[in-house]
Amino acid sequence: VCNDNCPDIEFPNVFTPNDDGDNEFFIPIPTPHFVKEIKFSVYNRWGQLVHYSEENPNLEWNGKGLDGNLLTDGTYYYSAEVLFDRLKKEDQIQLYKGWIYLVK
């Protein structure tokens, strides 16, 4: 029994934005429930910000950098500040960090 919303969100670690129609976008798994907002930042291996969004809770990042060009193959690091729809304010914001391998 859950007396509050039970948020469940995970992030994949590989995606292939290569226009073949499969695995084109970096999206949370499963589709996020009870998520109001995600502030999503992606960094290259030198710590430079290469992508930022907060408009779409489904993320749908297409592998493009801040300049609009597709990033090169490689490992990138992300930080996702997720705002959940929860009863207790102290439970609303959770921070997730990890890595993404982008393969074209």
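Bear in mind that the values here come from a model prediction, so they are computed numbers and not experimental data.

Definitions and limits used
Residues numbered from 1 in each chain as written. Predicted model: local features only at pLDDT ≥ 70, side-chain atom pairs only at ≥ 80, totals over all residues. Heavy atoms only, no water. Helix = DSSP H or I, 4+ residues; strand = E, 2+ residues; numbered from the N terminus. Pairing = 2+ DSSP bridges. Phe/Tyr/Trp six-rings, centres within 6.5 Å; stacked < 30°, edge-to-face > 60°. Buried < 20%, exposed > 50% of the residue type's maximum accessible area, 1.4 Å probe, protein only.

### Structural notes on unusual backbone geometry
Phase 1: Look at Leu 59: it is not a glycine, yet its phi comes out positive at around 65 degrees.
Phase 2: Assignment of secondary structure puts Leu 59 in the loop between strand E3 (49-53) and strand E4 (74-84).
Phase 3: Despite not being glycine, Glu 60 shows a phi value in the positive range, around 50 degrees.
Phase 4: Locating Glu 60 in the fold gives a position in the loop between E3 and E4.

### Things to note about the sheet that holds strand E5 (residues 93-102)
Phase 1: The strand order E1-E5-E4-E2-E3 describes an open sheet built from five strands, whose pairing is mixed. Lying at the two open borders of the sheet, with one neighbouring strand each, are strand E1 (14-15) and E3.
Phase 2: Here E1 runs beside E5; their pairing, made up of two bridges, is parallel. Along E5, the bridge assignment pairs Phe 15 with Leu 102.

### Here's the deal with the packing of aromatic side chains
Any pair of aromatic rings gets described here by the distance separating the centres and the angle formed by the planes.
Phase 1: In the structure shown here, the tally under the stated rule is 10 aromatic pairs.
Phase 2: Pairing Phe 26 with Tyr 78 gives two aromatic rings, centres 5.9 Å apart and planes at 55 degrees, and the pair type is tilted. Highlighted residues: Phe 26 in the loop between E1 and strand E2 (35-43) and Tyr 78 in strand E4, separated in sequence by 52 residues. For the pair formed by Phe 26 and Tyr 78, the shared burial category is buried.
Phase 3: Aromatic rings pair up to connect Phe 11, Phe 15, Phe 26, Phe 40, Trp 61, Tyr 78 and Tyr 96 into one cluster.

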